[in-house]
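For reference, the chains in residue letters:
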Amino acid sequence: MDPHNTYQFIISPPPKRCFHLMAKPIGAICNLNCSYCYYLSKKELIGSNKRITDDILEEYVKQYINAQDGQEIVFTWQGGEPTLLGLDFFQKVVELERKFCPPEKKIENDLQTNGVLLDDEWCKYLKKNRFLVGLSIDGPQPLHDCYRVDLAYQPTWERVVRAVKLLQKYEIPFNTLTVIHRQNARRPLDVYRFLRREIGSTRIQFIPLVEPKVYTSIAPQHWDEDSQPLLGSLAARPGNPHSVVTDCSVDPDDYGTFLCKVFDEWYRRDIGKAFVFFFECALGQWLGMEASLCIFAQTCGQALALESDGSVFSCDHYVYPEYRLGHIKQGLSSLVYSARQADFGYYKQKSLPEYCRKCPYLFACRGECPKNRFLRTPSGEMGLNYLCNGLRKYFAHIDPFMQSLAKEIKGASLFTAP
């Protein structure tokens, strides 16, 4: 997408057969020790502690290109921390992409990083090879450093800000990815204004931190049913002994307030200037389109994960033995389009409680991510999303604004019906 064209995703429909696979070429190995990281535990859970071998890397690049129908093919490299692999690894990646890419198609690369290892040499390479960088930063220094520390438990904010300056110096496009946790959720304008005014971010992604206390060993949808608390109960909020989530997890009510406050600031000052993924996705939904973010789509299953050993999992947040589809050498397309993965995708829709089905904002929420559905509704139904109260507040707040924007876009002939 062109970050200067806020509504480009509305005009350009996706190709017929398109899935996204997030590659973890170094597994869960990282140079940080973030308190809330959901991936560090994968070292023990599935043995995610090795770098990808050359043969698996080549197999992945070749198969991923061949499996895509679209003219643009996007490779996403994550970890752990992928820059630990060094520049030589990514030079090999680009060579393989050029080797297997047909002349009529275009390759793009996304690098998700904590930024700590970025230097001039890295930036020259990223610029030359047109990488889009996703940079993790959680806001002003106290809000970032409270959880994002290195292996020696030292703060990382200054090193990340240095990375931002390098990316700007070399004019490398970057997104900021901000985890909304228990602390920064209470300071929405401080976080947003920092990202916009001090970092200069024009592409902003928020990721709510929701982790059950058992997340290191028990897969989603395998929770003890008796442990699922009622909506609004103490156990459904962080920061108390009875809570089912970690202390770092965002409070649902704080999350709703965070999104409302940030939306108001964006609407007043930055609409058309900053691409906030949540708000752009909502606008598409109010226009009657399918969500551009998987968490708000009717079904899921088109955003998979590749581990460094070649294992393919149903989703990046479902990297548990129960959701391993197989090995890439069995054929990537056969795994992605398997009946098992289809069932995984449709579970999101068919498992919605009646409480959700009667919600006026079902078209926008769709129950959010299934990994967060571990509450009971007021009537006792299982499978309600932990963030429900906050999301209802947010959707109700933006509804009149989105209706107005949708009407304006349709009237200006900027909209192409799906």
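Residues numbered from 1 in each chain as written. Predicted model: local features only at pLDDT ≥ 70, side-chain atom pairs only at ≥ 80, totals over all residues. Heavy atoms only, no water.

Student: Even after reading the chapter, I still don't get the pattern of salt bridges, so can you show me in this structure?
Tutor: Any two side chains of opposite charge can pair, given that their charged atoms come close. By the definition in use, this model includes 17 salt bridges. In the salt-bridge network here, residues are joined through shared partners; they are Arg193, Arg197, Glu265, Arg268 and Arg269. (Salt bridge = Lys/Arg side-chain N within 4 Å of Asp/Glu carboxyl O.)

Student: Would you explain the pairing of strand E6 (residues 203-208) in this entry?
Tutor: Looking down a regular strand, the side chains alternate between one sheet face and the other. Of the pairings in the sheet, the one linking strand E5 (residues 174-180) to E6 comprises 5 bridges and is parallel in character. Bridging across to E6, Thr178 finds its partner in Phe206. The parallel pair E5 and E6, bridged by helix H8 (residues 188-198), forms a crossover whose chirality is right-handed. Pairing of E6 with strand E7 (residues 275-276) involves 2 bridges; the strand directions are parallel. Along E7, the bridge assignment pairs Arg203 with Phe275. (Pairing = 2+ DSSP bridges. Helix = DSSP H or I, 4+ residues; strand = E, 2+ residues; numbered from the N terminus. Right-handed = clockwise from strand over helix to strand, strands pointing away.)

Student: Is there a simple way to think about the packing of H8 against helix H9 (residues 252-270) in this case?
Tutor: When two helices pack together, their arrangement is given by the angle between the helix axes and by the axis-to-axis distance. At a minimum axis distance of 9 Å, the contact between H8 and H9 shows a crossing angle of 40 degrees. Between H8 and H9, the interaxial angle falls into the category oblique. Classified by chirality, the crossing of H9 by H8 is right-handed. Where H8 abuts H9, its residues Pro188, Leu189, Val191, Tyr192, Arg193, Arg196 and Arg197 lie against Phe258, Lys261, Val262, Glu265, Trp266, Arg269 and Asp270. Split into classes, the residues belonging to the contact of H8 with H9 amount to 7 nonpolar, no polar and 7 charged. (Axes fitted to C-alpha atoms, helices over the stretch in contact; angles between N-to-C directions. Parallel < 35°, antiparallel > 145°, perpendicular 65-115°, else oblique. Left-handed = near helix turned anticlockwise from the far one by under 90°. Contact = heavy atoms within 4.5 Å. Nonpolar A, V, L, I, M, F, W, Y, C, P; charged D, E, K, R; others polar.)

Student: Any chance you could explain the nonpolar core here in plain terms?
Tutor: In summary, soluble globular proteins display a tendency toward joint burial of nonpolar side chains. The biggest cluster of nonpolar side chains holds 115 residues, and the ones touching the most others in it are Tyr60, Trp77 and Phe395. For this core, the element with the most residues is helix H15 (residues 388-411), which contributes 9 residues. Setting aside residues up to four positions removed in sequence, Phe395 forms contacts with Trp286, Phe296, Tyr361, Ala364 and Cys365. Counting 13 residues, the second largest nonpolar core, distinct from the first, contains Tyr39, Phe313, Cys315 and Phe344. (Core = buried A, V, L, I, M, F, W, Y, C linked by side-chain atoms within 4.5 Å. Buried < 20%, exposed > 50% of the residue type's maximum accessible area, 1.4 Å probe, protein only.)

Student: Please explain the packing of aromatic side chains as it appears in this structure.
Tutor: The description of two aromatic rings rests on the distance between their centres and on the angle between their planes. Within the structure shown, the criterion is met by 36 aromatic pairs. On the basis of an interplanar angle of 90 degrees and a centroid distance of 5.0 Å, the ring pair of Phe89 and Phe90 is categorised as edge-to-face. Judged by its relative accessible area of 2%, Phe89 is buried. Seen in terms of ring centroids, Phe279 and Tyr394 are 6.3 Å apart; in terms of plane orientation they differ by 35 degrees. Their pairing is tilted. Taken together, the residues span a long stretch of sequence, with Phe279 in helix H10 (residues 277-286) and Tyr394 in helix H15 at a distance of 115 residues. (Phe/Tyr/Trp six-rings, centres within 6.5 Å; stacked < 30°, edge-to-face > 60°.)

Student: I would appreciate a short explanation of the packing of helix H3 (residues 54-66) against helix H4 (residues 87-100) in the present structure.
Tutor: In contact at an axis separation of 9 Å, H3 and H4 are set at 40 degrees when each is read in the N-to-C sense. Taken together, the axes of H3 and H4 lie oblique to each other. Considering the relative orientation of H3 and H4, their crossing is right-handed. Residue-level contacts link Asp54, Leu57, Glu58, Val61, Lys62 and Ile65 of H3 to Phe89, Lys92, Val93, Leu96, Glu97, Lys99 and Phe100 of H4. Classifying every residue of the contact of H3 with H4 gives 7 nonpolar, no polar and 6 charged.

Student: Mind showing me how you'd approach the confidence of the model for the protein chain here?
Tutor: In low-pLDDT segments, the atomic positions of the prediction should not be examined closely. Summing up the model confidence of the protein chain, the mean pLDDT is 93 and the portion of residues at 70 or higher is 94%. When the criterion is pLDDT under 50, residues 1-16 qualifies, and its contacts beyond four places in sequence or with other chains add up to 28 contacts. (pLDDT = per-residue confidence, 0-100.)

Student: Help me understand the side chain of Asn385, please; the structure alone is not making it clear to me.
Tutor: Mapped onto the secondary structure, Asn385 falls in the loop between strand E12 (382-384) and H15. A polar contact of 2.8 Å, which involves the side chain of Asn385, links it to the backbone nitrogen of Leu387. Those residues in contact with Asn385 that lie beyond four places of it in its chain are Gly367, Glu368, Cys369, Asn372, Arg373 and Leu375. (Polar contact = N/O pair within 3.5 Å; in protein donor to acceptor, adjacent residues only side chain to side chain.)

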